Amino acid sequence: PLPVALLKHSALQHNLDWMRRFTSATGTVLCPHGKTTMSPQLFELQLRHGAWGITAATISQLHVYRRYGVPRILFANQLIGRRNIQFVLDELRSDPQFDFYCLVDSHETVTALKDAAMQAAIGRPLQVLLEVGQPGGRAGTRTFDQGIEIAKGVASAQPYLPLRGIEGYEGILPGVNGPDMPRRVSQLMQDMSEIAVGCTREGLFSSEPFILSAGGSAYFDFPAEQLRQVDLGCSTLVVLRSGC
């Protein structure tokens, strides 16, 4: 039944090649957002062209990704709800190659994830990224001190919750579609960078490389330029999440 969507092969190939050249030129990796297409065939194509993993936003998307064997998922959201947390833990237990990351921005989330991981005793950590936000945004820590405080909470939850990096999303910042957009996006990247440096200084990251992840489909060039300049004194990995 209609409507039917058609993809032009030459355009698709052009985009795949363009993004591969972009990430190579900027020293970044791409974890495209699967919600853009929800097509397992395109996920496979993106992964074959060098995508680091696939980004998800909801539990239903996670179920689809795992049904089709996506090996690395960045869950750009808070993982909440006992059944949802247990689903991820079960996947980590059953597939030693499954690489999973989710976000935290509160002590409540850290405690819930730690308690579930301790009880499940899967023999593997549940890797998390600290989400950094801005006033008027929908999620994320709002200040440097708050970010460091929550990062310390994650560090105290090891080995169950290793802190693997810092994350932010600039696509929903108020004013990003207006003339104030460059300043707002740049400010978020700066906030992320400062908290990352602070976490390094406090010894809160668990292992290398330290992940710095941001980049909606509209403004992925800002994180590519700013985050790769962050000097943490160790290896870092800038993960972009454009839906391209």
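Structure: above.
Residues numbered from 1 in each chain as written. Predicted model: local features only at pLDDT ≥ 70, side-chain atom pairs only at ≥ 80, totals over all residues. Heavy atoms only, no water.

Visitor: Report on the pairing of strand β6 (residues 163-168), specifying residues and quantitative values.
Guide: Counted residue by residue, β6 has 6 buried out of 6 residues, so it is predominantly covered. Pairing of strand β5 (residues 127-132) with β6, which is carried by 5 bridges, proceeds in the parallel orientation. Residue Val132 lies in a different strand from β6, and its bridge partner there is Gly168. In this fold, β5 hands off to helix α6 (residues 144-155), which returns the chain to β6; that crossover is right-handed. Here 3 bridges tie β6 to strand β7 (residues 210-214), and the two strands are oriented parallel to one another. Each bridged residue has a counterpart across the sheet, and for Ile166 the counterpart in β7 is Leu212. (Buried < 20%, exposed > 50% of the residue type's maximum accessible area, 1.4 Å probe, protein only. Helix = DSSP H or I, 4+ residues; strand = E, 2+ residues; numbered from the N terminus. Pairing = 2+ DSSP bridges. Right-handed = clockwise from strand over helix to strand, strands pointing away.)

Visitor: Run through helix α2 (residues 40-48), naming residues and quoting values.
Guide: Listed in full, the buried residues belonging to α2 are Pro40, Leu42, Phe43, Leu45 and Gln46. Taken from the residues just after α2, Gly50 is the one with a positive phi, measuring 105°.

Visitor: Describe the packing of α6 against helix α7 (residues 181-202), naming the residues involved and giving the relevant values.
Guide: Where α6 meets α7, the axes come as close as 10 Å, and the angle between the chain directions of the two elements is 45°. Accordingly, the angle class assigned to the pair α6 and α7 is oblique. Crossing handedness for the pair α6 and α7: right-handed. Side by side, α6 and α7 meet where Phe144, Gly147, Ile148, Ala151 and Lys152 of the first sit next to Glu194, Ile195, Gly198, Cys199 and Glu202 of the second. Looking at side-chain class alone, the contact of α6 with α7 contains 5 nonpolar, 2 polar and 3 charged residues. (Axes fitted to C-alpha atoms, helices over the stretch in contact; angles between N-to-C directions. Parallel < 35°, antiparallel > 145°, perpendicular 65-115°, else oblique. Left-handed = near helix turned anticlockwise from the far one by under 90°. Contact = heavy atoms within 4.5 Å. Nonpolar A, V, L, I, M, F, W, Y, C, P; charged D, E, K, R; others polar.)

Visitor: Let's hear about the side chain of Thr28: which residues, and what values?
Guide: One can find Thr28 in the loop between α1 (9-26) and β1 (29-30). Assessed through its relative accessible area of 7%, Thr28 is described here as buried. Leave out the neighbours within four places in its chain, and Thr28 touches Thr23, Ala224, Val238 and Leu240.

Visitor: Let's hear about a nonpolar patch on the surface: which residues, and what values?
Guide: On the surface, Leu2, Val4 and Leu6 cluster together to form a nonpolar patch covering roughly 410 Å² of accessible area. With respect to the helices and strands, the residue Leu2 is situated in the segment before α1. Taking relative accessible area as the criterion, Leu2 reaches 77% and is therefore assigned exposed. (Patch = residues over 30% accessible without salt bridge, like charges linked within 9 Å, V, L, I, M, F, W, Y side chains within 5 Å. Areas by Shrake-Rupley, 256 points an atom, 1.4 Å probe, with all protein chains shown as cover. Salt bridge = Lys/Arg side-chain N within 4 Å of Asp/Glu carboxyl O.)

Visitor: An account of the state of the cysteines is requested, with residue identities and associated values reported.
Guide: Under the criterion given, the structure shown has 0 disulfides. A disulfide-free cysteine, Cys102 has its sulfur positioned 13 Å from the sulfur of Cys31, the nearest such atom. Given the relative accessible area of 0%, Cys102 is considered buried. Cysteine Cys234 remains unbridged, with the sulfur of Cys199 as its closest cysteine sulfur at 11 Å. Judged by relative accessible area, Cys234 falls into the partly exposed class, the value being 23%. (Disulfide = S-S within 2.5 Å.)

Visitor: Please set out the pairing of strand β4 (residues 99-104) residue by residue, giving values where relevant.
Guide: β4 sits mainly inside the fold: 6 of its 6 residues count as buried. Of the pairings in the sheet, the one linking strand β3 (residues 72-78) to β4 comprises 5 bridges and is parallel in character. Counterpart to Gln78 in the pairing with β4 is Leu103. Handedness of the β3-helix α4 (residues 82-94)-β4 crossover: right-handed. Bridge count for β4 against β5 is 4 bridges, and the pairing is parallel. Paired with Cys102 across the strands is Val128, a residue of β5. A crossover links β4 with its parallel partner β5, the connecting element being helix α5 (residues 107-120), and its sense is right-handed.

Visitor: Can you lay out unusual backbone geometry for me, pointing to particular residues and giving the numbers?
Guide: Cis rather than trans, the peptide bond between Leu2 and Pro3 has omega equal to 5°. Looking at the element boundaries, Pro3 is found in the segment before α1. For Met38, which is not glycine, the phi torsion reads 50° and is therefore positive. When you line up the elements, Met38 lands in the loop between β1 and α2. Residue classification places Met38 among the partly exposed residues on the basis of a relative accessible area of 30%. Phi angles above zero are rare outside glycine, and Ala121 is one such case at about 50°. Note that Ala121 resides in the loop between α5 and β5. A relative accessible area of 57% places Ala121 in the exposed class.

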